[in-house]
Amino acid sequence: MKLKIAVLSGDGIGPEIMRQGVDVMNAIADKFNHEFEFEEAICGAHAIDLVGNPYPDATHEICMKADAVLFAAVGDLRFDNNPTAKVRPEQGLLAMRKKLGLFANVRPVATFDCLIHKSPLKDELLKGADFVVIRELTGGMYFGEKYQDNDKAYDTDIYTRPEIERILKVAFEMAQKRKKHLTVVDKANVLASSRLWRQIAKEMEPQYPDVATDYMFIDNASMRVLTEPRFFDVIVTENTFGDILTDETSCITGSMGLQPSSSLGEHTPLFEPVHGSWPQAAGQNIANPLAQILSAAMLLEHFGLNEEGTMIRKAVDASLAENVRTPEIQVEGGKKYGTKEVGQWIVDYIRKQ
């Protein structure tokens, strides 16, 4: 298969982990006789420094012409510590999602038996946890009308029926392919936008009679993903709640460096790790590349290359089993491996199979 892939490394640790993801994809291409063409493009703080725009038109054009986007992370302390900055790296990510029509963020959450001890949660709560969070990505407060002065500020949490229907359709269909259980997370007891979500979800329920659907307020869901993670199969929620909830679920895997994701919608699909740019660690060769590598596996599986995706997952599992791990998940007294070394080990494993 021939695939044209836009590569957006972004900021902080992004370039380091991206190199490992691309190297793994090249190893897969060689092994399975595929042709992957990579084209790099700028975004985030790096793009602001170069052209003053975190998602320039040239980058968007490259993304639109690609079959898929492999993305790393954006963010820089210069902007995090400056609340008056008018242009921010994260604005580029939001613009990319909006312009590509990426309304459905799919984040799988699963445990690795050999890493359960790294989670702050009890082992008996975690074993067997395996669910997917589907986050609406282009609506809500992140994109609603905003205002700020010295004394007042507001963000408008606005959703329309078509926006809600299309993300719920993705969630119901995902549940049909899994264990046929969908949990709609909202705050319908307080927010009008959530009441519309719940109303539309209940209207759509009869279209999916094979799916058991339940409803949960976000505060309750935030507790139960940590106290009863095995209860869930597919969770669907709005933009802000999904952002917070999916960071919280990193407690289940033991590290944010293990969580990949995909963003799907109207145009080119995007695949990225859920963690941020961690600018403090940039250039230190300590960032975990596994989420980026697993995002590459999700990319391949999106195009029906399931054997290739399985090969990457097998290599990642083998690296963890052999304690080839970056510092934040390494066992006590284990050998030290950096970003490059973990990536190279996985490449070598694939080539040997």
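Nothing here was measured: the structure is a model prediction, and the numbers come from that model.

**A look at the environment of Thr249**
And then number 1: Looking at the element boundaries, Thr249 is found in the loop between helix H10 (239-248) and helix H11 (250-253).
And then number 2: Classification of Thr249 by relative accessible area gives buried; the value is 0%.
And then number 3: If we skip the residues at most four places from it in the chain, Thr249 touches Val109, Phe131 and Gln259.
And then number 4: Here Gln259 takes part through its side chain, which lies 3.3 Å from a polar atom of the side chain of Thr249.

**Concerning unusual backbone geometry**
And then number 1: In this structure, Asn33 is a non-glycine residue whose phi angle is positive, near 60°.
And then number 2: Among the structural elements, Asn33 can be located in the loop between helix H1 (14-32) and strand S2 (35-40).
And then number 3: Exposure remark for Asn33: the relative accessible area of 67% places this residue in the exposed category.

**Observations concerning the sheet that holds strand S5 (residues 130-136)**
And then number 1: Taken in spatial order, the ten strands of this open sheet run S2-S1-S3-S12-S11-S4-S5-S10-S8-S9, and their pairing is mixed. Every other strand in the sheet has two partners, leaving S2 and strand S9 (212-217) as the edge strands with one partner each. With direction set aside, neighbouring strand axes in the sheet form an average angle of 25°.
And then number 2: Here S5 runs beside strand S10 (residues 234-237); their pairing, made up of four bridges, is parallel.

**Some details on the packing of aromatic side chains**
And then number 1: Here the structure, examined in full by the defined rule, presents six aromatic pairs.
And then number 2: Aromatic side chains Tyr147 and Tyr154 sit 5.6 Å apart centroid to centroid with 25° between the ring planes, which places their arrangement in the stacked category.
And then number 3: A residue is classified by how much of its surface remains accessible, and Tyr147, at 36% relative accessible area, is partly exposed.
And then number 4: Their ring planes at 90° and their centres at 5.4 Å tell us that Tyr159 and Trp197 sit as a pair that is edge-to-face.

**Quick word on the packing of H1 against helix H14 (residues 339-352)**
And then number 1: With their axes 9 Å apart at the nearest point, H1 and H14 run at an angle of 5° to one another. With respect to H14, the axis of H1 lies roughly parallel. When H1 is examined against H14, the residues Glu16, Ile17, Gln20, Asp23, Val24, Ala27, Ile28, Asp30 and Lys31 are found in contact with a partner set consisting of Thr339, Lys340, Gly343, Gln344, Ile346, Val347, Ile350 and Arg351.
And then number 2: Partitioning the contact of H1 with H14 into residue classes produces seven nonpolar, four polar and six charged.

**Digging into the pairing of strand S11 (residues 260-264)**
And then number 1: In terms of burial, S11 is a largely internal element, four of the five residues being buried.
And then number 2: With three bridges connecting them, strand S4 (residues 104-110) and S11 associate as antiparallel partners. Within S11, the position partnered with Asn105 by the bridge is Ser263.
And then number 3: Note: S11 against strand S12 (residues 270-273), four bridges, orientation antiparallel. What sits directly across from Ser261, in S12, is Glu272.
And then number 4: Hairpin connection of S11 to S12: five residues between the antiparallel strands.

**Examining the packing of H1 against helix H12 (residues 290-302)**
The description of two packed helices rests on the angle between their axes and on the distance between the axes.
And then number 1: Axis separation between H1 and H12 bottoms out at 8 Å; the angle between their running directions is 40°. Relative to H12, H1 is oriented oblique. Helix-helix and strand crossings are classified by hand; for H1 and H12 the assignment is right-handed. Listed contacts from H12 to Ile17, Met18, Gln20, Gly21, Val24, Met25 and Ile28 of H1 are Gln292, Ile293, Ala296, Leu299 and Leu300.
And then number 2: By residue class, the composition of the contact of H1 with H12 is nine nonpolar, three polar and no charged.

Rules of the game
- Residues numbered from 1 in each chain as written.
- Predicted model: local features only at pLDDT ≥ 70, side-chain atom pairs only at ≥ 80, totals over all residues.
- Heavy atoms only, no water.
- Helix = DSSP H or I, 4+ residues; strand = E, 2+ residues; numbered from the N terminus.
- Buried < 20%, exposed > 50% of the residue type's maximum accessible area, 1.4 Å probe, protein only.
- Contact = heavy atoms within 4.5 Å.
- Polar contact = N/O pair within 3.5 Å; in protein donor to acceptor, adjacent residues only side chain to side chain.
- Pairing = 2+ DSSP bridges.
- Axes fitted to C-alpha atoms, helices over the stretch in contact; angles between N-to-C directions.
- Phe/Tyr/Trp six-rings, centres within 6.5 Å; stacked < 30°, edge-to-face > 60°.
- Parallel < 35°, antiparallel > 145°, perpendicular 65-115°, else oblique.
- Nonpolar A, V, L, I, M, F, W, Y, C, P; charged D, E, K, R; others polar.
- Left-handed = near helix turned anticlockwise from the far one by under 90°.

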